[in-house]
Amino acid sequence: VELRGGIPVARLLGVDSLSAFTLCSLGNFLPVMPILLALNSPAIRRFLEKPLERAQRKFRGSTGMDNRSLAISLAMFVGVPFPGTGAWTGTMASVALGLPAPLAMAANAVGILMAASIMTALTASLKAGIAVASACKSKFK
C-alpha cells in the first residue's frame, strides 16, 4: 500500500500532515536501495540477462529516449498514486530500462515526493469536504 494508504491512515489516526508526509515518504524510499542492489547483483543479473537485454533493446529502440528522459518518465510513473505505480515497481522498471543506480534512486525519490504531495493534498481535501458536508447536514436537519 506504501504511502498511498499510509498518509490517509496516518491522518485518520491523528498524525499531523507534515509528520505523515515525512514518515511515509522515508518509509517508501527505504526499500529502493536494497531492491536496486538485489536486482543488480551478479546472480540475478545472470539469471535475467537475456530478458533484460531484450527489454532494454526493444524499449530504447522504439522510443529513442536517453537516460535523462527515462528518469523523468520514471519519476512521473512513480509519482502517480495509482495501484502498481509505486517505488517498488519503479525500482524494478529502472533496472529493466538499464538506468544507472544513482539516476534510478533520484527518479524514485522525486516520484515518491510527488505521490506523497498528491496524497497529502487529497487527504486534506477529503477531510475538509467531510467537515463541510457534516456541517451542512446538521444545519439542514
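Please refer to the structure higher up on the page.
What comes next is a walk through the structure.

1. Things to note about the overall build of the protein
Within the protein, the regular secondary structure consists of 7 helices and 0 strands. Moving toward the C terminus, one meets the helices and strands of the protein in the order α-α-α-α-α-α-α. Scaling as 2.2 N^0.38, a compact globule of 141 residues should have a C-alpha radius of gyration of about 14 Å, whereas the protein reaches 19 Å, well beyond that. Dimensions of the protein along its principal axes, counting C-alpha atoms only, are 65 × 30 × 20 Å. Burial analysis of the protein (141 residues in total) assigns 30% to the buried set. If you take every contact in the protein between residues at least 6 apart in sequence, the share linking residues at least 24 apart comes to 74%. As displayed, the protein offers around 8600 Å² of accessible surface, 74% of which is attributable to carbon and sulfur atoms. Considering the protein, the positive charge centre built from 14 side chains and the negative charge centre built from 5 side chains are found 11 Å apart.

2. Thoughts on helix 3 (residues 32-39)
Listed as buried for helix 3 are Val32, Ile35, Leu36 and Leu39. Viewed along the axis of helix 3, the buried residues span an arc of 100°, placing them on a single side of the element.

3. A look at the nonpolar core
Counting residues in hydrophobic clusters, the biggest one holds 24 residues, and the most contacted among them are Leu3, Ile7, Val32, Leu36 and Ile112. Every element with two or more residues in this core is listed here: helix 1 (2-12), helix 3, helix 5 (67-79), helix 6 (87-97) and helix 7 (101-139). When near neighbours in sequence (up to four residues on either side) are disregarded, Leu3 contacts Pro8, Cys24, Ser25, Asn28, Ile112, Ala115, Ala116 and Met119.

4. Overview of the side chain of Arg4
Here Arg4 is to be found in helix 1. Within polar-contact distance, the side chain of Arg4 engages the backbone oxygen of Val80 at 3.3 Å. Beyond its immediate sequence surroundings of up to four residues, Arg4 is in contact with Asn28, Val78, Val80, Pro81, Phe82, Thr85, Gly86, Ala115 and Met119.

5. Observations concerning the environment of Gly90
Its place among the elements puts Gly90 in helix 6. Placed 13 residues apart in sequence, Gly90 and Leu103 show a C-alpha to C-alpha distance of 12 Å. Setting aside anything within four residues of it in sequence, one finds Gly90 in contact with Leu74, Phe77, Val78 and Asn108.

6. Observations concerning the environment of Ala71
Following the sequence through the fold, Ala71 ends up in helix 5. Looking at Ala71, the relative accessible area reads 9%, which means it is buried. Spatially, the C-alpha atom of Ala71 lies 6.6 Å from that of Ala104, the residues being 33 residues apart in sequence.

Rules and cut-offs
Residues numbered from 1 in each chain as written. Predicted model: local features only at pLDDT ≥ 70, side-chain atom pairs only at ≥ 80, totals over all residues. Heavy atoms only, no water. Helix = DSSP H or I, 4+ residues; strand = E, 2+ residues; numbered from the N terminus. Rg over C-alpha atoms; globule rule 2.2 N^0.38 Å. Buried < 20%, exposed > 50% of the residue type's maximum accessible area, 1.4 Å probe, protein only. Contact = heavy atoms within 4.5 Å. Areas by Shrake-Rupley, 256 points an atom, 1.4 Å probe, with all protein chains shown as cover. Lys, Arg positive; Asp, Glu negative; His and termini not counted. Charge placed at Lys NZ, Arg CZ, Asp CG, Glu CD. Arc of directions from axis to C-beta. Core = buried A, V, L, I, M, F, W, Y, C linked by side-chain atoms within 4.5 Å. Polar contact = N/O pair within 3.5 Å; in protein donor to acceptor, adjacent residues only side chain to side chain.

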